[in-house]
Amino acid sequence: MKREMLKTVMGRAIYMAFAVFAAFAMASCSDDDGNNGDGGDDTSGGGSDGTEMEAPRFESSAAKYTITDAGSPYTSVELTASGNYIIFTSGSQAPATAAAAPATRMSVMSDGAGRPDTRYIHYSNILSGKYTKTGEGEYELEGFGKLVVSGSGDQSYSLDITLSGGHSYSLKGNRAGTPSSGTMTDNLCRTWEIVQWRAFLRYNGVTMFDCTDPTIDGLNAKLEAWGREHDPDYTDGDYLLDFTSATGPEQVVFTKSGTYMVTYADSHLAVSTWRWGNQENGLLEYSWDPNAFDPDGIYGVATAYFRKGNLELTEGFKETEDGFTIEQGTTYTLKEVK
């Protein structure tokens with residue numbers, strides 16, 4: 001296979017979160033876990049090692065309420081199992097959106113559309129933070145105010161909101177449905193923080209590189225070093241990730257209502273929608289529409305594997321052309337935030 005053809009094949013994958021291409025060389029990047037790049041720890045098939053995980057602290061309070069009052073400044077209020085709140089504001093009440101950052105290719109950690117320069121605005125305008133439970137159905141939402149939820153046991157609920165500034169709202173809402181319960185769903189739906197980054201590439205089943213690091217900048221350095229050594233056409237920046245440690249994703253939140261939120265080091269956030277393509281095998285489908293999946297098809301697919309209480313999310317690209325197969329992927333190792 002000619003080098004030019006390899007570049008062409010990889011060119012169709014260049015806009016993934018880790019945009020890289022390979023020369024005819026076989027190498028691995030050293031890491032703290034002693035991974036020698038042989039793919040022995042590959043979890044791209046998804047699943048679990050069987051480690052039991054405790055339910056998050058606020059599991060019994062976790063719910064998403066869709067507001068039904070016309071003219072309400074809020075369209076939905078969600079409390080997550082790990083103590084996060086996510087509130088969507090209505091368009092009529094939303095402040096002006098700041099200029100977005102340059103677009104990047106969509107991945108499981110990025111919507112690819114650029115993010116506005118404030119933590120609290122994205123898509124339909126989002127407020128997010130931590131909450132604590134102060135009583136039965138009563139919650140203190142950090143930086144926002146107080147929330148009291150009451151209902152008769154059906155899907156209809158009353159939500160009384162008192163803002164930190166003193167203004168109050170009495171609203172009605174419906175509780176959103178949840179997917180079928182199961183170990184994979186129960187394990188997934190909580191708040192996670194990224195503790196390790198991995199990028200790998202295989203050519204006809206042979207590992208070209210397999211690099212891991214606790215930080216984005218550290219992985220950037222390893223990928224650049226690999227390219228400098230093995231790519232005769234290397235120029236500075238060829239192997240850099242779309243993110244840096246100053247701007248990259250830090251935490252990920254999954255909820256049983258189908259919400260998927262990513263928060264970034266620069267205080268940006270983005271909200272997505274997720275569902276199982278195959279729960280047993282850890283096949284997770286996501287859409288960067290915060291309310292639904294695009295009618296024309298699924299936006300993206302990743303696999304989830306649970307190892308010793310951690311979550312490993314892998315997203316990859318595989319293509320065969322003229323008998324040659326190129327496979328590249330990224331794995332994010334995440335630890336539960338308690």
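The rules behind the values
Residues numbered from 1 in each chain as written. Predicted model: local features only at pLDDT ≥ 70, side-chain atom pairs only at ≥ 80, totals over all residues. Heavy atoms only, no water. Pairing = 2+ DSSP bridges. Helix = DSSP H or I, 4+ residues; strand = E, 2+ residues; numbered from the N terminus. Axes fitted to C-alpha atoms, helices over the stretch in contact; angles between N-to-C directions. Core = buried A, V, L, I, M, F, W, Y, C linked by side-chain atoms within 4.5 Å. Buried < 20%, exposed > 50% of the residue type's maximum accessible area, 1.4 Å probe, protein only. Expected span 1.5 Å × (residues − 1). Polar contact = N/O pair within 3.5 Å; in protein donor to acceptor, adjacent residues only side chain to side chain. pLDDT = per-residue confidence, 0-100. Contact = heavy atoms within 4.5 Å. Phe/Tyr/Trp six-rings, centres within 6.5 Å; stacked < 30°, edge-to-face > 60°.

If you walk around this closed barrel you meet the 8 strands as S2-S3-S4-S5-S6-S7-S8-S9, and the pairing is antiparallel. The mean inter-strand angle of the sheet, taken between neighbouring strand axes irrespective of direction, is 30 degrees. Sheet topology places strand S6 (residues 138-141) next to strand S7 (residues 145-151); 4 bridges connect them, and they run antiparallel. Across the sheet, the residue bridging to Leu141 is Gly145, located in S7.

With that out of the way, let us pick up unusual backbone geometry. Phi is positive for Ser267, close to 75 degrees, though the residue is something other than glycine. Relative to the helices and strands, Ser267 resides in the loop between strand S13 (259-264) and strand S14 (269-278). Phi is positive for Asp322, close to 55 degrees, though the residue is something other than glycine. Secondary-structure assignment places Asp322 in the loop between strand S17 (310-321) and strand S18 (324-336).

Okay, the nonpolar core next. Residues Phe254 and Leu311 are the most contacted members of the largest nonpolar core, which totals 39 residues. Looking at this core, the element that brings in the most residues is strand S10 (residues 191-203), giving 6 residues. Core analysis: the next-biggest nonpolar cluster, separate from the first, contains 19 residues, Tyr74, Leu79, Tyr131 and Phe144 among them.

With 15 residues, helix H3 (residues 216-230) should reach 21 Å at 1.5 Å per residue; the first-to-last C-alpha distance of 21 Å fits that figure. Of all the positions in H3, only Ile216, Gly218, Leu219, Asn220, Leu223, Glu224, Trp226, Gly227 and His230 are classed as buried. The N-cap residue of H3 is Thr215: its side-chain oxygen and the backbone nitrogen of Gly218 are 2.9 Å apart.

For the rest of this paragraph, the subject is the confidence of the model for the chain. Averaged over the chain, the pLDDT score is 78; the fraction of residues at 70 or greater is 73%. Predicted confidence is poor over residues 1-27, with pLDDT under 50, and the contacts of this stretch with residues over four places away or in other chains come to 89 contacts. Low confidence marks residues 92-105, where pLDDT is under 50. Its contacts with residues over four positions away, or in another chain, come to 34 contacts.

A word on the packing of aromatic side chains. In this description, a pair of aromatic rings is defined by centroid distance and the angle of the planes. Applying the stated rule across the entire model yields 16 aromatic pairs. Aromatic pair Tyr203 and Phe324: ring centres 6.1 Å apart, planes at 5 degrees, arrangement stacked. Of the two residues, Tyr203 is situated in strand S10 and Phe324 in strand S18; the sequence distance between them amounts to 121 residues. Taking the relative accessible area as the measure of exposure, Tyr203 reaches 14% and is therefore buried. Judged by relative accessible area, Phe324 falls into the partly exposed class, the value being 23%. An aromatic cluster is present here, built from Tyr74, Tyr85, Phe144 and Tyr169 joined pairwise through their rings.

This part covers the side chain of Arg190. Following the sequence through the fold, Arg190 ends up in the loop between helix H2 (183-188) and S10. A polar contact of 2.9 Å, which involves the side chain of Arg190, links it to the backbone oxygen of Asp186. The contact partners of Arg190, leaving out residues within four places of it in the chain, are Met53, Glu54, Ala55, Pro56, Ser82, Val252, Val253, Phe254 and Glu336.

Within S13, 6 of the 6 residues are buried, which leaves the element mostly enclosed by the surrounding structure. With burial as the criterion, each face of S13 is covered, one bearing Thr259, Met261 and Thr263 and the other bearing Tyr260, Val262 and Tyr264. One ladder, built from 5 bridges, connects strand S12 (residues 249-254) with S13; its direction is antiparallel. Bridge pairing in S13 places Val253 opposite Met261. As paired elements, S13 and S14 share 5 bridges and run antiparallel to each other.

Before going further, it helps to spend a moment on the pairing of strand S15 (residues 283-287). Across the 5 residues that make up S15, a large majority, 4, are buried. Of the pairings in the sheet, the one linking S14 to S15 comprises 5 bridges and is antiparallel in character. Bridged to Trp276 within S15 is Leu284. The hairpin turn running from S14 into S15, its antiparallel successor, is 4 residues long, and Gly282 in that turn takes a positive phi close to 70 degrees. The pairing of S15 with strand S16 (residues 300-307) spans 4 bridges and is antiparallel. Bridging across to S16, Glu285 finds its partner in Val301.

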